[in-house]
Amino acid sequence: MIRVLKGRDRTESERFTALRSHYGFDSFFCRPGIDGAHEKGGVEGEIGRFRRRHLVPVPRVDSLAELNDLIAAADLLDDDRVITGRPITIGAAFATETPMLMGVPTEPFDCARLLHARVDNRSRVSVRQCFYSVPARYAGRRLPVRLAARTVEIYDGPRLVASHERAVGRYVEVLCLDHYLEVLKTKPGGLPGATALAQAKARRVFTITHQSYWDAARQARGDAAGTRALIAILLAHRTMAAAALITAMDRAVASGCLDPETVIIDARRHITALAPAVPIDGLARYDRPPPSLTDYDDLLTGSES
């Protein structure tokens, strides 16, 4: 809502009006203050009951998606509950009521908000007091942002350049290590203390194998050259399967051959070896005999005579 007016009147936001139009329902608002306190007691009471039954003690989750899954499981559990004074369960009552309800549109309503944000000198956009990384080449530009309940997507025109899980809280940084690789390649000393690296380790994107290869490469080549070797392999993750590169890094550490180009070639060979065979029996009907060049030979012979 944009503004609460007198009585039940409200100035609705554009997105709420679009939501009503999409699902075909009317809005009916309670009277503000003590005059309307009794009008939604049932709803408030059910919210309190649900919280006490399913969310006490406060659950600890790693993401908003995990919390939503927890609440959805609690909803299913409540289908077997019988409200005092009712003869059947909530699930059975809803099954009886469902045929009388209006059908839900086949296409869900897109609740995302479209914003614009400027990329700062740390290659981040600020959205709702949280910071999300984009590739470093976009620093200083203003990019469109699609803000949804669970995700934050940043675009360059029609092309998606970054997608993050939406942060909970204020002044939280959500950084992707891949967005900073080009900068770190020229300034390898910034990698060990980078926040993006710490977050990659926490998400287990930067694995123990990456760390082992990095340690071995720095010991053999020095800090700067060893870090650049790791970054070359991290850049290869954009086009190659991570599992193949991790396997190749394990073999490189075991053999002592730490050249990044060799690791990438080894990973590419591993991908080729694992590629499934494609059956061609069904394509046999398209076989054709090889073309004959006899007619061309006759033309050439005739031109010489």
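Residues numbered from 1 in each chain as written. Predicted model: local features only at pLDDT ≥ 70, side-chain atom pairs only at ≥ 80, totals over all residues. Heavy atoms only, no water.

J.: Explain the overall build of the protein chain here, please?
T.: The helix and strand inventory of the protein chain stands at 11 helices and nine strands. In terms of overall dimensions, the protein chain is more spread out than a globule: its C-alpha atoms have a radius of gyration of 30 Å, far above the 19 Å expected for 305 residues. Taking the principal axes of its C-alpha atoms as reference, the protein chain extends roughly 105 × 65 × 40 Å. The burial tally for the protein chain puts 27% of its 305 residues in the buried class. Partitioning the contacts of the protein chain with sequence separation of at least 6, the portion at a separation of at least 24 is 47%. (Helix = DSSP H or I, 4+ residues; strand = E, 2+ residues; numbered from the N terminus. Rg over C-alpha atoms; globule rule 2.2 N^0.38 Å. Buried < 20%, exposed > 50% of the residue type's maximum accessible area, 1.4 Å probe, protein only. Contact = heavy atoms within 4.5 Å.)

J.: Can you help me understand the nonpolar core in this one?
T.: One recurring pattern in soluble globular proteins is that nonpolar side chains are buried together. Residues Leu177, Leu191, Leu197, Phe206, Tyr213, Leu230 and Val263 are the most contacted members of the largest nonpolar core, which totals 31 residues. Within the residue set of this core, elements represented by two or more residues are helix 5 (181-186), helix 6 (195-202), helix 7 (208-221), helix 8 (223-236), helix 9 (242-255) and helix 10 (260-274). Per-element accounting of this core gives the leading share, six residues, to helix 8. With residues near it in sequence (within four places) discarded, Val263 still touches Tyr213, Ile233, Ala248, Met249, Ala252 and Cys257. (Core = buried A, V, L, I, M, F, W, Y, C linked by side-chain atoms within 4.5 Å.)

J.: Sorry, what's going on with the pattern of salt bridges here?
T.: Here the idea is simple: oppositely charged side chains can pair when their charged atoms come close. One pass over the structure, following the stated rule, counts 19 salt bridges. Among the ionic pairs, Arg124 bridges to Asp120, the shortest N-O distance being 3.0 Å. One salt bridge connects Glu182 with Arg238, and the closest N-O pair in it is separated by 2.7 Å. One end of the pair, Glu182, is in helix 5; the other, Arg238, is in the loop between helix 8 and helix 9, with 56 residues separating them in the sequence. On the basis of relative accessible area, Glu182 is assigned to the partly exposed category, the value being 39%. According to the relative accessible area criterion, Arg238 is partly exposed, its value standing at 41%. (Salt bridge = Lys/Arg side-chain N within 4 Å of Asp/Glu carboxyl O.)

J.: Even after reading the chapter, I still don't get the packing of helix 2 (residues 41-54) against helix 3 (residues 64-78), so can you show me in this structure?
T.: The angle between the axes and the distance between the axes are what describe a pair of packed helices. Two elements in contact, helix 2 and helix 3, have axes separated by 11 Å at closest approach and are oriented at 105°. It follows from the interaxial angle that helix 2 and helix 3 lie roughly perpendicular. Contact residues: Arg49, Phe50, Arg53 and His54 in helix 2; Ile71, Ala74, Asp75, Leu77 and Asp78 in helix 3. (Axes fitted to C-alpha atoms, helices over the stretch in contact; angles between N-to-C directions. Parallel < 35°, antiparallel > 145°, perpendicular 65-115°, else oblique.)

J.: Would you mind going over the side chain of Arg81 with me for this structure?
T.: In this fold, Arg81 is placed in the loop between helix 3 and helix 4 (90-97). Side-chain polar atoms of Arg81 contact the side chain of Glu46, separated by 3.2 Å. Excluding residues that lie within four positions of it along the chain, Arg81 makes contacts with Glu46, Arg49, Arg53, Thr89 and Ile90. (Polar contact = N/O pair within 3.5 Å; in protein donor to acceptor, adjacent residues only side chain to side chain.)

J.: Please clarify how the sheet that holds strand 5 (residues 130-133) should be interpreted in this entry.
T.: As a general point, the strands of a sheet are linked pairwise by backbone hydrogen bonds and lie either parallel or antiparallel. Read across the sheet, three strands follow the order 4-5-9 without closing on themselves; strand pairing throughout is mixed. Two strands close off the open sheet at either side, each with one partner strand: strand 4 (124-127) and strand 9 (173-174). (Pairing = 2+ DSSP bridges.)

J.: What exactly am I supposed to notice about the packing of aromatic side chains here?
T.: Ring pairs (aromatic) are described by centroid distance and by the angle formed between their planes. Tallying each qualifying case throughout the model produces three aromatic pairs. Between Phe16 and Phe25, the ring centres sit 6.4 Å apart and the planes meet at 75°, which makes this aromatic pair edge-to-face. For the ring pair Phe206 and Trp214, a centre distance of 6.2 Å and an interplane angle of 80° mean the geometry is edge-to-face. With relative accessibility at 6%, the residue Phe206 sits in the buried group. Among the aromatic residues, those joined into a cluster by ring pairs are Phe16, Phe25 and Phe29. (Phe/Tyr/Trp six-rings, centres within 6.5 Å; stacked < 30°, edge-to-face > 60°.)

Scope: geometric values only; no functional claims are made or implied.
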